[in-house]
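Chain by chain, the residues run as shown.
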Amino acid sequence: MSYHSLVILTGAGISAESGVPTFRADDGLWMGHRIEDVATPEAFARNPALVHDFYNQRRRQLPTVHPNLAHHALAELAARWEGDFLLVTQNVDDLHDRAHALTPPGPGFELIHMHGELLKAHCTRTGEVCDWPGDLAVQEPSPHHPQGRLRPHIVWFGEMPLRMERIEAALAECDLFVSIGTSGAVYPAAGFVELANMAGARTVEINVEPSLGRRLFDEGLYGPATQQVPAFVDSLLATASG
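Treat the numbers as computed from the prediction; the structure is a model and nothing was measured.

Colleague: Describe the domain arrangement of the protein, and please don't skip the residues or the numbers.
Modeller: Once the domains are mapped, the protein shows domain 1 (5-20 + 67-115 + 162-240) and domain 2 (22-64 + 116-154). Tallying the contact residues gives 14 residues for domain 1 and eleven residues for domain 2. In total, about 940 Å² of surface goes out of reach between domain 1 and domain 2, with carbon and sulfur atoms giving 56% of it. Across the contact surface, domain 1 and domain 2 share four residue pairs in polar contact (both at pLDDT 80 or more). Of all elements in the fold, only helix 1 (12-16) and helix 6 (95-102) reach the threshold of two or more residues within the side of domain 1 that touches domain 2. When the residues that make up the side of domain 1 that touches domain 2 are grouped by side-chain class, the tally is six nonpolar, four polar and four charged.

If you want it as C-alpha coordinates, here you go:
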(Lines give C-alpha, C1' and ligand atoms only; values in the text may rest on other atoms or scores of the structure.)
Protein backbone atom coordinates (compact mmCIF):
# COMPACT_ATOMS: atom_id res chain seq x y z
CA MET A 1 0.00 0.00 0.00
CA SER A 2 1.25 3.47 -0.83
CA TYR A 3 0.78 6.48 1.43
CA HIS A 4 0.54 10.15 0.66
CA SER A 5 0.37 11.95 4.03
CA LEU A 6 2.81 10.92 6.73
CA VAL A 7 3.11 12.13 10.31
CA ILE A 8 5.98 10.90 12.49
CA LEU A 9 6.34 11.67 16.19
CA THR A 10 9.73 11.22 17.86
CA GLY A 11 10.61 11.23 21.54
CA ALA A 12 13.62 10.84 23.80
CA GLY A 13 14.23 7.26 22.66
CA ILE A 14 15.48 8.32 19.23
CA SER A 15 18.20 10.56 20.71
CA ALA A 16 19.17 8.25 23.58
CA GLU A 17 21.54 6.26 21.36
CA SER A 18 23.35 9.50 20.49
CA GLY A 19 24.11 10.00 24.19
CA VAL A 20 21.35 12.50 24.99
CA PRO A 21 19.97 11.66 28.45
CA THR A 22 16.38 10.44 28.39
CA PHE A 23 13.70 12.54 30.02
CA ARG A 24 13.57 10.91 33.41
CA ALA A 25 15.92 8.47 35.13
CA ASP A 26 14.88 5.45 37.20
CA ASP A 27 15.09 7.53 40.37
CA GLY A 28 12.52 9.98 38.99
CA LEU A 29 15.08 12.76 38.55
CA TRP A 30 15.86 14.61 35.35
CA MET A 31 19.64 14.91 35.11
CA GLY A 32 19.84 15.10 38.90
CA HIS A 33 16.96 17.55 39.41
CA ARG A 34 13.30 17.28 40.26
CA ILE A 35 11.09 18.28 37.34
CA GLU A 36 9.36 20.79 39.60
CA ASP A 37 12.68 22.60 40.18
CA VAL A 38 13.81 23.10 36.59
CA ALA A 39 10.94 22.59 34.14
CA THR A 40 7.97 24.68 35.25
CA PRO A 41 7.13 28.40 35.01
CA GLU A 42 6.94 28.42 38.82
CA ALA A 43 10.50 27.09 39.08
CA PHE A 44 11.72 29.83 36.76
CA ALA A 45 9.98 32.51 38.81
CA ARG A 46 11.30 31.05 42.07
CA ASN A 47 14.90 30.32 41.09
CA PRO A 48 15.81 31.57 37.60
CA ALA A 49 19.53 31.03 38.24
CA LEU A 50 19.02 27.27 38.76
CA VAL A 51 16.81 26.95 35.69
CA HIS A 52 19.22 28.89 33.48
CA ASP A 53 22.16 26.83 34.74
CA PHE A 54 20.29 23.59 34.00
CA TYR A 55 19.57 24.57 30.40
CA ASN A 56 22.99 26.15 29.89
CA GLN A 57 24.54 22.80 30.79
CA ARG A 58 22.29 20.97 28.37
CA ARG A 59 23.06 23.51 25.63
CA ARG A 60 26.80 23.07 26.16
CA GLN A 61 26.40 19.30 25.78
CA LEU A 62 24.87 19.49 22.30
CA PRO A 63 28.16 19.75 20.34
CA THR A 64 29.29 16.48 21.96
CA VAL A 65 26.38 14.46 20.55
CA HIS A 66 25.56 13.72 16.92
CA PRO A 67 22.66 12.39 14.84
CA ASN A 68 22.51 8.62 14.79
CA LEU A 69 21.35 6.14 12.16
CA ALA A 70 17.70 6.69 13.08
CA HIS A 71 17.94 10.46 12.55
CA HIS A 72 19.72 9.94 9.26
CA ALA A 73 17.15 7.38 8.11
CA LEU A 74 14.33 9.86 8.69
CA ALA A 75 16.31 12.52 6.81
CA GLU A 76 16.66 10.13 3.88
CA LEU A 77 12.92 9.44 4.05
CA ALA A 78 12.19 13.19 4.00
CA ALA A 79 14.43 13.63 0.96
CA ARG A 80 12.69 10.87 -1.01
CA TRP A 81 9.09 11.12 0.23
CA GLU A 82 6.83 12.40 -2.54
CA GLY A 83 3.83 13.36 -0.41
CA ASP A 84 3.29 15.42 2.72
CA PHE A 85 5.57 14.61 5.65
CA LEU A 86 5.26 16.27 9.04
CA LEU A 87 7.94 15.31 11.55
CA VAL A 88 6.96 16.30 15.09
CA THR A 89 9.58 15.91 17.80
CA GLN A 90 9.24 16.17 21.54
CA ASN A 91 13.01 16.56 21.75
CA VAL A 92 14.61 19.95 22.31
CA ASP A 93 17.98 18.89 20.87
CA ASP A 94 18.98 19.77 17.30
CA LEU A 95 19.80 16.26 16.05
CA HIS A 96 16.94 16.11 13.54
CA ASP A 97 17.91 19.55 12.25
CA ARG A 98 21.51 18.50 11.73
CA ALA A 99 20.53 15.29 9.95
CA HIS A 100 18.23 17.18 7.57
CA ALA A 101 20.93 19.79 6.93
CA LEU A 102 23.14 17.00 5.61
CA THR A 103 20.31 15.42 3.56
CA PRO A 104 17.98 18.23 2.48
CA PRO A 105 14.29 17.27 2.57
CA GLY A 106 11.76 17.44 -0.24
CA PRO A 107 9.19 20.24 -0.66
CA GLY A 108 6.45 18.45 1.30
CA PHE A 109 8.48 18.18 4.51
CA GLU A 110 8.01 20.14 7.73
CA LEU A 111 9.70 19.77 11.13
CA ILE A 112 8.05 20.96 14.34
CA HIS A 113 9.75 21.03 17.74
CA MET A 114 6.59 20.88 19.82
CA HIS A 115 8.44 21.32 23.13
CA GLY A 116 10.79 24.05 21.95
CA GLU A 117 14.50 24.13 21.12
CA LEU A 118 17.59 24.37 23.29
CA LEU A 119 19.38 26.59 20.79
CA LYS A 120 16.70 29.26 20.88
CA ALA A 121 15.43 31.76 23.45
CA HIS A 122 12.29 33.83 23.63
CA CYS A 123 11.31 37.18 25.05
CA THR A 124 9.40 37.16 28.32
CA ARG A 125 7.37 40.19 27.19
CA THR A 126 6.61 39.57 23.52
CA GLY A 127 7.19 35.83 23.09
CA GLU A 128 9.37 36.51 20.05
CA VAL A 129 11.94 33.79 19.39
CA CYS A 130 15.60 34.18 18.48
CA ASP A 131 18.56 31.87 17.92
CA TRP A 132 20.70 31.53 21.04
CA PRO A 133 23.55 29.00 20.91
CA GLY A 134 25.38 30.19 24.04
CA ASP A 135 24.65 30.56 27.74
CA LEU A 136 21.69 32.61 28.94
CA ALA A 137 22.25 34.92 31.91
CA VAL A 138 19.56 35.46 34.55
CA GLN A 139 19.00 39.07 33.48
CA GLU A 140 19.72 38.54 29.77
CA PRO A 141 18.12 41.56 28.04
CA SER A 142 15.71 40.84 25.24
CA PRO A 143 16.42 42.36 21.81
CA HIS A 144 12.65 42.47 21.27
CA HIS A 145 11.47 44.64 24.20
CA PRO A 146 13.23 47.20 26.46
CA GLN A 147 11.75 45.67 29.61
CA GLY A 148 11.93 42.09 28.41
CA ARG A 149 14.32 39.32 29.40
CA LEU A 150 15.24 36.15 27.55
CA ARG A 151 14.27 32.69 28.80
CA PRO A 152 14.94 29.25 27.32
CA HIS A 153 12.65 28.51 24.38
CA ILE A 154 11.39 25.40 26.12
CA VAL A 155 7.80 24.34 26.75
CA TRP A 156 7.65 23.63 30.47
CA PHE A 157 5.08 21.61 32.36
CA GLY A 158 1.90 23.61 32.55
CA GLU A 159 2.55 25.35 29.22
CA MET A 160 0.92 24.57 25.87
CA PRO A 161 3.08 22.72 23.32
CA LEU A 162 3.87 24.63 20.17
CA ARG A 163 1.93 24.57 16.89
CA MET A 164 -0.77 22.20 18.12
CA GLU A 165 -3.32 23.38 15.55
CA ARG A 166 -0.94 22.53 12.70
CA ILE A 167 -0.14 19.13 14.23
CA GLU A 168 -3.77 18.21 14.81
CA ALA A 169 -4.70 19.25 11.28
CA ALA A 170 -2.00 16.99 9.84
CA LEU A 171 -3.09 14.07 12.03
CA ALA A 172 -6.67 14.52 10.83
CA GLU A 173 -5.52 14.11 7.22
CA CYS A 174 -2.69 11.58 7.47
CA ASP A 175 -2.87 8.01 6.20
CA LEU A 176 0.24 6.83 8.08
CA PHE A 177 1.28 7.75 11.63
CA VAL A 178 4.49 6.49 13.22
CA SER A 179 5.54 7.03 16.83
CA ILE A 180 9.26 6.53 17.53
CA GLY A 181 10.99 6.38 20.91
CA THR A 182 8.25 7.76 23.13
CA SER A 183 6.71 6.29 26.27
CA GLY A 184 3.13 7.26 25.51
CA ALA A 185 2.83 8.79 28.98
CA VAL A 186 2.95 12.55 28.28
CA TYR A 187 -0.04 14.32 26.77
CA PRO A 188 -0.97 15.75 24.35
CA ALA A 189 1.58 13.75 22.31
CA ALA A 190 0.33 10.48 23.80
CA GLY A 191 -3.04 11.19 22.23
CA PHE A 192 -1.74 11.65 18.68
CA VAL A 193 -2.31 7.98 17.83
CA GLU A 194 -5.99 8.30 18.70
CA LEU A 195 -6.36 11.27 16.35
CA ALA A 196 -4.62 9.31 13.60
CA ASN A 197 -6.88 6.31 14.23
CA MET A 198 -9.92 8.58 13.90
CA ALA A 199 -8.57 9.64 10.50
CA GLY A 200 -8.34 6.00 9.42
CA ALA A 201 -4.54 6.04 9.24
CA ARG A 202 -2.28 3.05 9.65
CA THR A 203 -0.50 3.48 12.98
CA VAL A 204 2.92 2.07 13.85
CA GLU A 205 4.92 2.20 17.07
CA ILE A 206 8.72 1.87 17.02
CA ASN A 207 10.23 1.65 20.49
CA VAL A 208 12.66 -0.29 22.66
CA GLU A 209 9.64 -1.88 24.34
CA PRO A 210 5.84 -1.56 24.08
CA SER A 211 4.62 1.81 25.29
CA LEU A 212 1.66 2.50 27.55
CA GLY A 213 -0.46 3.03 24.45
CA ARG A 214 0.62 -0.08 22.53
CA ARG A 215 -2.96 -1.38 22.16
CA LEU A 216 -3.86 1.74 20.15
CA PHE A 217 -1.37 0.95 17.35
CA ASP A 218 -1.92 -1.37 14.40
CA GLU A 219 1.68 -2.54 14.53
CA GLY A 220 4.62 -2.51 16.95
CA LEU A 221 8.31 -2.80 16.08
CA TYR A 222 10.61 -3.20 19.07
CA GLY A 223 14.34 -2.83 19.51
CA PRO A 224 16.99 -0.08 19.29
CA ALA A 225 15.93 2.90 17.18
CA THR A 226 19.19 2.73 15.22
CA GLN A 227 18.14 -0.73 13.99
CA GLN A 228 14.37 -0.49 13.75
CA VAL A 229 14.00 2.95 12.14
CA PRO A 230 16.37 2.39 9.17
CA ALA A 231 14.74 -1.01 8.49
CA PHE A 232 11.28 0.53 8.61
CA VAL A 233 12.29 3.41 6.32
CA ASP A 234 13.82 0.98 3.82
CA SER A 235 10.60 -1.04 3.80
CA LEU A 236 8.44 2.05 3.43
CA LEU A 237 10.49 3.45 0.55
CA ALA A 238 10.52 0.06 -1.19
CA THR A 239 6.73 -0.08 -0.95
CA ALA A 240 6.40 3.48 -2.25
CA SER A 241 8.58 2.75 -5.27
CA GLY A 242 7.13 -0.68 -5.96
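Here the narrative resumes.
Colleague: Outline the UniProt feature "active site" (unreviewed entry) in the protein, supporting the account with residue identities and numerical values.
Modeller: With numbering aligned to this structure, UniProt lists the feature "active site" (unreviewed entry) at His 115. As for its placement among the helices and strands, His 115 is situated in the loop between strand 3 (109-113) and strand 4 (116-123). In this view, His 115 contacts Thr 89, Gln 90, Val 92, His 153, Ile 154, Val 155 and Pro 161; residues no more than four positions away in its chain are not counted. At 3.3 Å, the side chain of His 115 and the backbone oxygen of Gln 90 are in polar contact.

Colleague: Please give an account of the pattern of salt bridges that cites residues and values.
Modeller: Under the definition given, this model contains ten salt bridges. In this structure, the salt-bridge partner of Arg 166 is Glu 110, at a minimum N-O distance of 2.9 Å. Residue Arg 166 is found in helix 7 (residues 164-173), and its partner Glu 110 is found in strand 3; the two are separated by 56 residues along the sequence. Residue Glu 110 is classed as partly exposed on the basis of its relative accessible area of 21%. Among the salt bridges present, the one from Arg 151 reaches Glu 159, with a minimum N-O distance of 2.9 Å. Judged by its relative accessible area of 8%, Arg 151 is buried.

Colleague: So what about the side chain of Arg 151? Which residues, and what values?
Modeller: Note on placement: Arg 151 falls in strand 6 (residues 150-154). Once residues within four sequence positions are removed from consideration, Arg 151 is found in contact with Phe 44, His 52, Ala 121, His 122, Thr 124, Leu 136, Trp 156 and Glu 159.

Colleague: Any details on the pairing of strand 6? Residues and values, ideally.
Modeller: Extensive coverage of strand 6 is indicated by the burial of five of its five residues. Sheet topology note: the strand 4/strand 6 ladder contains four bridges and is antiparallel. Pairing of His 122 across the sheet is with Arg 151, part of strand 6.

Colleague: For the environment of Pro 105, give the residues involved together with the corresponding values.
Modeller: By the element assignment, Pro 105 lies in the loop between helix 6 and strand 3. With residues up to four places along the chain from it excluded, the contact list for Pro 105 reads Ala 78, Ala 79 and His 100.

Colleague: Quick one: what's the story with the packing of aromatic side chains, residue by residue and with numbers?
Modeller: Applying the stated criterion across every chain yields a total of five aromatic pairs. Centroid distance Phe 54 to Tyr 55: 4.9 Å. Interplanar angle 90 degrees. Geometry classified as edge-to-face. Here Phe 54 and Tyr 55 have matching classes, each one buried. Centre to centre, the rings of Phe 85 and Phe 109 are 5.1 Å apart; their planes meet at 80 degrees, and the pair counts as edge-to-face. With Phe 85 in strand 2 (residues 84-89) and Phe 109 in strand 3, this pair connects stretches of sequence that are 24 residues apart. When sorted by exposure, Phe 85 lands in the same class as Phe 109, which is buried. Following the ring pairs from residue to residue traces out a cluster consisting of Phe 44, Phe 54, Tyr 55 and Trp 156. Between the NZ or CZ atom of Arg 151 and the centre of the ring of Trp 156, over which it lies, the distance is 3.7 Å.

Colleague: Before we move on, can you summarise the nonpolar core with the specific residues and values?
Modeller: Within the largest apolar cluster, 25 residues are counted, with the highest numbers of intra-cluster contacts made by Ile 8, Leu 74, Leu 77, Phe 85, Val 178 and Val 229. Going through the elements one at a time, strand 1 (5-10), helix 5 (69-80), strand 2, strand 7 (176-180), strand 8 (202-207) and helix 9 (225-241) are the ones with two or more residues in this core. In terms of residues, this core owes the most to one element, helix 9, which gives six residues. Not counting residues up to four positions away in its chain, the partners in contact with Phe 85 are Leu 6, Ile 8, Leu 74, Leu 77, Ala 78, Gly 108, Phe 109 and Glu 110. In terms of nonpolar packing, the next biggest core, distinct from the first, is built from 19 residues, Val 7, Leu 9, Val 88 and Val 193 among them.

Cut-off values and rules
Residues numbered from 1 in each chain as written. Predicted model: local features only at pLDDT ≥ 70, side-chain atom pairs only at ≥ 80, totals over all residues. Heavy atoms only, no water. Domains from an automatic or database assignment. Contact = heavy atoms within 4.5 Å. Buried area = accessible area lost by both parts, 1.4 Å probe. Polar contact = N/O pair within 3.5 Å; in protein donor to acceptor, adjacent residues only side chain to side chain. Helix = DSSP H or I, 4+ residues; strand = E, 2+ residues; numbered from the N terminus. Nonpolar A, V, L, I, M, F, W, Y, C, P; charged D, E, K, R; others polar. UniProt positions renumbered as here; feature names shortened; annotations may be inferred. Salt bridge = Lys/Arg side-chain N within 4 Å of Asp/Glu carboxyl O. Buried < 20%, exposed > 50% of the residue type's maximum accessible area, 1.4 Å probe, protein only. Pairing = 2+ DSSP bridges. Phe/Tyr/Trp six-rings, centres within 6.5 Å; stacked < 30°, edge-to-face > 60°. Lys NZ or Arg CZ within 6 Å of the ring centre and 35° of its normal. Core = buried A, V, L, I, M, F, W, Y, C linked by side-chain atoms within 4.5 Å.

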